[in-house]
Structure formats: structure tokens, C-alpha cells
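Each chain, letter by letter, is given below.
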Amino acid sequence: FPLLKHLGGSEHSAVFLTERPGAEPRKAAIKIIPADPNTAEAYLSRWSESASLFHPHVIQLFEMGCAPLGNVSCAYVVMEYAEEDLSQVGRPLAASEVTEMLEATLQGLSYLHNQGLAHGSLKTSNIMAVADQLKISSDTIRPSGEWRKDLDIRELGDPPEIATSGATPAGDVWSLGVTLVNAA
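To start, this report covers the structure provided alongside it. This is a predicted model, so every value here is computed, not measured. (Residues numbered from 1 in each chain as written. Predicted model: local features only at pLDDT ≥ 70, side-chain atom pairs only at ≥ 80, totals over all residues. Heavy atoms only, no water.)

Concerning the overall build of the protein chain
In terms of helices and strands, the protein chain carries four helices and 10 strands. What you see in the protein chain, going N to C, is helices and strands ordered as β-β-β-α-β-β-β-α-β-β-β-β-α-α. For 184 residues, the compact-globule estimate of 2.2 N^0.38 gives 16 Å, and the protein chain sits close to it at 16 Å. With the C-alpha coordinates of the protein chain rotated into their principal frame, the extents come out at 45 × 35 × 30 Å. A total of 184 residues make up the protein chain; the buried ones form 48% of that total. Counting contacts in the protein chain only where the partners sit at least 6 residues apart, residues at least 24 apart contribute 56% of the total. Across the protein chain, the centroid of the 13 positively charged side chains sits 3 Å from that of the 23 negatively charged ones. (Helix = DSSP H or I, 4+ residues; strand = E, 2+ residues; numbered from the N terminus. Rg over C-alpha atoms; globule rule 2.2 N^0.38 Å. Buried < 20%, exposed > 50% of the residue type's maximum accessible area, 1.4 Å probe, protein only. Contact = heavy atoms within 4.5 Å. Lys, Arg positive; Asp, Glu negative; His and termini not counted. Charge placed at Lys NZ, Arg CZ, Asp CG, Glu CD.)

Okay, here's the thing in C-alpha cells:
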């Protein structure tokens, strides 16, 4: 997958615009994470489960794998390309935008929670616009109650109980409240 443009990331990952050869949609995003073989296998397992999910408010995952990037072993996942995420808006949301964001996010979370899954990392940068549709990211979805120190990184805004209870539906709702405060 060609790395066409850096879209963002963190100190633990990078996201680039890419193209899917011979597949639709062609334009996609690729997230690359440095990972030793055991950690890479755990990411691939988590992403494979998420790739089977289909909901209009959940980002679709397409391909995933492992590859070296220079001298660094990495895991990668290719997903729907989002033109924008909520962290890029740069202003408080209008009441109608908050309503639209809440409806889409709650529908996506409800779908995950009914599947026995949790998002585990809901924040403004993980609520995205794909065409005219709001969607939540799917690369951090995991079984409810799961927390893996080799995969998951505690962040400011995480629910307080995440380190002891793992990612849970209640934690996702707590994170949605924090996200709402940050966006409004």
C-alpha cells in the first residue's frame, strides 16, 4: 500500500492516506503500529474480528497484516478513509451538530455493545466523517472487559475503571460524555 499523505497519529502509531490496488473503495487510510511478532498477532486477531462488523456508523476495516518498515516490524490495518474527524472541527459544535454526533455515535456503540464488544478508545479523533456519514473508529474495538497492556495505552479521558475492568459499555458511555464536553 503506498503511503500517499500523512494524516495523523500518535507517538504509538501513524495514519496515512493510501490506495487499495484493484479494490473499491480505492481511497483508504492505513494505520501502522510498530509491533513485535506476538503483539502484531494480537492486533491482527482484534482487527479480524472488527473487520466482520458492518454498521453504517462504524468504520469498515478492509485489509490487515504485518510488514517491516525500514528496520521496524509493524502491524497495519487498512480502513475506510475519513475526510475529517471531530478533533479537527476547531470550534464548539452547534446544537444540531451535537444531536447528529450523539445519534450516530450512540447507534454505533449500541451495535457494538449488543455484540458483546466495547470501543475502548472513544474520543473526538475517533468520531469521523466518511462522505456524509458520521462513524466511530473500529481499530480499537475489543471484547467487553478486555484490556491488554501490550496493545492498549491509557490516555487522558479514559474511564477511571478501565485499568481494572477493561473496556466496557459503561466506559464507552463515560468516554462519550467526556467527548461531548470536549466538542461542545
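That was the structure; now back to the text.
Observations concerning helix α2 (residues 95–114)
The end-to-end C-alpha separation of α2 is 28 Å, in line with the 28 Å expected for 20 residues at 1.5 Å each. Buried residues of α2: Val 98, Met 101, Ala 104, Thr 105, Gly 108, Leu 109, Tyr 111 and Leu 112, and no others. Those residues of α2 that are buried are in contact with β7 (117–118), β8 (127–130), β9 (133–136) and α4 (169–183). The first or second residue beyond α2 is Gly 116, which carries a positive phi of 80 degrees. (Expected span 1.5 Å × (residues − 1).)

A look at the packing of α2 against α4
It is at 11 Å that the axes of α2 and α4 come closest, and there the two elements cross at 165 degrees. One element, α2, and the other, α4, form an angle in the roughly antiparallel class. Considering the relative orientation of α2 and α4, their crossing is right-handed. Residue-level contacts link Val 98, Met 101, Leu 102, Thr 105, Leu 106, Leu 109 and His 113 of α2 to Pro 169, Asp 172, Leu 176 and Leu 180 of α4. By residue class, the composition of the contact of α2 with α4 is eight nonpolar, two polar and one charged. (Axes fitted to C-alpha atoms, helices over the stretch in contact; angles between N-to-C directions. Parallel < 35°, antiparallel > 145°, perpendicular 65-115°, else oblique. Left-handed = near helix turned anticlockwise from the far one by under 90°. Nonpolar A, V, L, I, M, F, W, Y, C, P; charged D, E, K, R; others polar.)

Re the pairing of strand β1 (residues 5–10)
For β1 and strand β2 (residues 13–19), the ladder comprises five bridges, and the chain directions are antiparallel. What sits directly across from Gly 8, in β2, is Val 15. The loop that links β1 with its antiparallel partner β2 comprises two residues. (Pairing = 2+ DSSP bridges.)

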